[in-house]
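# Observations on chain architecture
Next come the chains, spelled out residue by residue.
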Amino acid sequence: MTSAVRRRWLVAGAVGLAALGVGVGVLVARDPEPAVRPEVPPAEPCSRGAGDTVDGLLDCVALAGVVEHLEALQAIADEHGGTRADGTPGYEASADYVAERAEAAGLRVSRVPFDVSGSHWDDDEDSEGRSSQNVVAELRGLTDDNVVVVGAHLDSVEDGPGINDNGTGVAAVLEVAESMAGTAPANTVRFVWWGAEEVGLTGSDEYVDSLSREERDRIALYLNFDMVGSPNGVRFVHDGDGSSGEGAAPRGSAAIEEVFRQYFTDRGLEVEELELDDGSDFVAFAEAGIPVGGVLTGDSGEKTAEQAAVYGGEAGEQYDPCYHQDCDTIENVNLELLEQNADAVAYATWTFAQSTEAVDGVAGGPVAGG
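The residue numbering used here restarts from 1 in each chain and proceeds along that chain's sequence as written. Residues qualify for local features only when their pLDDT is at least 70, as the model is predicted, and side-chain atom pairs are given and counted only at 80 or more; totals for whole chains, interfaces and linings, by contrast, use all residues. Side-chain measures were taken over the full set of non-hydrogen atoms in the model, leaving aside hydrogen atoms and water.

The way it works is that DSSP assigns letters per residue, a run of H or I at least four long becomes a helix, a run of E at least two long becomes a strand, and they are numbered from the N terminus. A count of helices and strands for the protein gives 11 helices and 8 strands. Taken across its 370 residues, the protein has 60% of its residues classed as buried. Here the contacts in the protein between residues at least 6 apart in sequence split such that 80% fall between residues at least 24 apart. Where accessible areas are quoted, they stem from the Shrake-Rupley method and a 1.4 Å probe; at the residue level, only the protein chains shown are allowed to cover. Accessible surface for the protein amounts to roughly 14300 Å². Of this, 47% is attributable to carbon and sulfur atoms. Remark: exposure states derive from per-residue accessible area (1.4 Å probe, protein chains only) relative to the maximum for the residue type, with buried under 20%, exposed over 50%, and partly exposed in between. Here, residues are in contact when the closest pair of their heavy atoms is within 4.5 Å.

Structure representation (structure tokens):
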């Protein structure tokens, strides 16, 4: 999740949104006590096409699979100077890993280059004249005219391996993508791992800018997953209906929020909304009028006493004490939150892969097994 204030919010028909409460404040560098990571039982092998129902997909998306991806990203950082920042060998190796896993699963993979120094928001002197890439993996549906885009930023900051920010989002989306491979949803699902999010949201910004009007109109919605395993986190869902009083997202976003809320509520899990801000890759889609949503667990904001009473953890401490620091390692992850959110990623992705009627009026097939 990027921490700099970079842009004006320009959603058609919407007012400017206020800065995100959990992303504001002065970061205080400190070395938290090392966490003891619990043993994760191995996942049962999931046969190709087993994720063709909601229940089947939720069974396939296992915490062990998500953690396997986190371990791979940690190993990549360890082998490349402790970072996976865009423009470094660690980022290139991360892109290779994601692309190879998605391709091996049978998804149609492409690497979409973009010019980092050409970004409207680039203020990184070291990016002058260099390019990067987004990794795109597509699951073809029965129609190409109604596309569900699911994304997470792949890069870390230079100061650390970025395992919560945003290895957790990367791993959850990759596990869902692998588990859905071999299925035939009504709508095409496009999984994207963004480059240069930590450099002004550049990868997603350049991607949306590169689309023709026809290509934009084919995108039904965008789901964003950024920091879904914060060690002192909260189950947040992005405010799609403007009820937080901090502005409005594009029309249709309220239906996305409702799907996430319903998922957690049905499982007896508390969730709270968080206003959209300018701090992650949903921004470019929202500015283009595309409905957006997602879940997250918080970055540098402090957990309140009320939140601690509901979610556990330490009141008065940051949601992620290692946010944008070198201690953002695989030990810096709340596995319980990560597992819950990975399942939420799976549920929402499959729901909208079958039908986006609640969002944009385009009917699809029923959500089998739900």
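This is not the end of the story, as more comes after the structure.
Cysteine sulfur atoms that pair up within 2.5 Å are treated as a disulfide. Across all of its chains, the model carries 1 disulfide by this definition. Note that Cys322 is cross-linked by a disulfide to Cys327, the S-S spacing being 2.2 Å. On the sign convention where negative means left-handed, the S-S torsion of about -115° between Cys322 and Cys327 marks this disulfide as left-handed. Residue classification places Cys322 among the buried residues on the basis of a relative accessible area of 2%.

In what follows, salt bridge is the name for a side-chain nitrogen of Lys or Arg lying within 4 Å of a carboxyl oxygen of Asp or Glu. Summed over the entire model, instances satisfying the criterion amount to 10 salt bridges. Here Asp86 and Arg130 are joined by a salt bridge, their closest N and O atoms 2.5 Å apart. Remark: Arg130 occurs in the loop between strand 1 (108-115) and strand 2 (131-139) and Asp86 occurs in the loop between helix 2 (63-79) and helix 3 (89-104); sequence separation between them is 44 residues. Of the two residues examined, Asp86 and Arg130, each falls in the buried class. One salt bridge in this structure joins Arg190 and Glu138, with 2.7 Å as the shortest N-O distance. Placement of Arg190 in strand 4 (residues 187-194) and of Glu138 in strand 2 is noted, with a sequence separation of 52 residues between them.

A separate point is the nonpolar core. Working definition of a nonpolar core: buried Ala, Val, Leu, Ile, Met, Phe, Trp, Tyr and Cys residues. They are joined through side-chain atoms within 4.5 Å. Within the largest apolar cluster, 70 residues are counted, with the highest numbers of intra-cluster contacts made by Met180, Phe191, Trp193, Leu223, Phe225, Phe260 and Phe352. At 11 residues, helix 10 (residues 335-354) tops the list of elements feeding residues into this core. With near-sequence residues (within four places) excluded, Phe225 lies in contact with Val150, Gly151, Ala152, Asn166, Gly169, Val173, Phe260, Gly294, Val295 and Val345. Among the nonpolar cores identified, the runner-up in size contains 21 residues, and Leu211, Tyr222, Phe282 and Ile290 belong to it.

Moving on, we come to the pairing of strand 4. Burial of strand 4 is extensive: 8 of the 8 residues sit out of reach of the surface. Where burial is concerned, the two faces of strand 4 agree: the one with Asn187, Val189, Phe191 and Trp193 and the one with Thr188, Arg190, Val192 and Trp194 are both buried. In the sheet, strand 2 pairs with strand 4 via 5 bridges, with the strands oriented antiparallel. When the bridges of strand 4 are listed, Glu138 appears paired with Arg190. Where strand 3 (residues 143-153) lies against strand 4, 8 bridges are found, and the strand directions are parallel. Each residue of the ladder has a partner; that of Val147, found in strand 4, is Thr188. Pairing between strands is defined by DSSP: at least two bridges between them are needed.

Turning to helix 10, a few remarks are in order. Between the first and last residue of a helix there are one fewer steps than residues, each counted as 1.5 Å, and that sum is the expected span. For helix 10, which comprises 20 residues, the first-to-last C-alpha distance of 29 Å matches the rise-based estimate of 28 Å (1.5 Å per residue) to within 8%. Summarising burial for helix 10: 18 of the 20 residues are buried, a large majority. The definition of a polar contact used here is a pair of N or O atoms within 3.5 Å, where within protein one atom must be able to donate a hydrogen and the other to accept one, and adjacent residues in sequence count solely through side-chain atom pairs. The opening residue of helix 10, the one whose side-chain oxygen lies 3.1 Å from the backbone nitrogen of Glu336, is Asn334.

The next subject is the sheet that holds strand 1. Taking strand neighbours across the sheet as the criterion, the 8 strands line up as 1-2-4-3-5-8-6-7 in an open arrangement whose pairing is mixed. If you trace the sheet from one side to the other, it starts and ends with strand 1 and strand 7 (272-274), each paired once. Averaged over all neighbouring strand pairs, the angle between strand axes comes to 25°, with direction disregarded. Pairing of strand 6 (residues 236-238) with strand 8 (residues 292-296) involves 2 bridges; the strand directions are antiparallel. The residue of strand 8 that forms the bridge with Val237 is Val295. In this description, a line fitted to the C-alpha atoms serves as the axis of each element, helices being fitted only across the stretch in contact, and the angle between N-to-C directions of two axes falls anywhere from 0 to 180 degrees.

A few words on the packing of aromatic side chains. Here is the rule: rings of Phe, Tyr and Trp (six-membered ring for Trp) pair when centre to centre is within 6.5 Å. Planes less than 30 degrees apart are stacked, more than 60 are edge-to-face, and the remainder are tilted. On inspection of all chains with the given rule, the structure shows 8 aromatic pairs. A ring pair is formed by Tyr263 and Tyr347, whose centres lie 5.1 Å apart and whose planes are at 40°; its orientation type is tilted. Within this pair, whereas Tyr263 is found in helix 7 (residues 253-266), its partner Tyr347 is found in helix 10, the two being separated by 84 residues in sequence. Classification of Tyr263 as buried rests on a relative accessible area of 5%.

Along the chain, His153 turns up in strand 3. Residue class for His153 comes out buried when judged on its relative accessible area of 1%. A polar atom in the side chain of His153 sits 3.0 Å from the side chain of Asp165. Within polar-contact distance, the side chain of His153 engages the side chain of Asp226 at 3.3 Å.

The next subject is the side chain of Gln325. With respect to the helices, strands and loops of the structure, Gln325 is situated in the loop between helix 9 (305-311) and helix 10. Of note is the side chain of Gln325, whose polar atom sits 2.9 Å from the backbone oxygen of Pro321.

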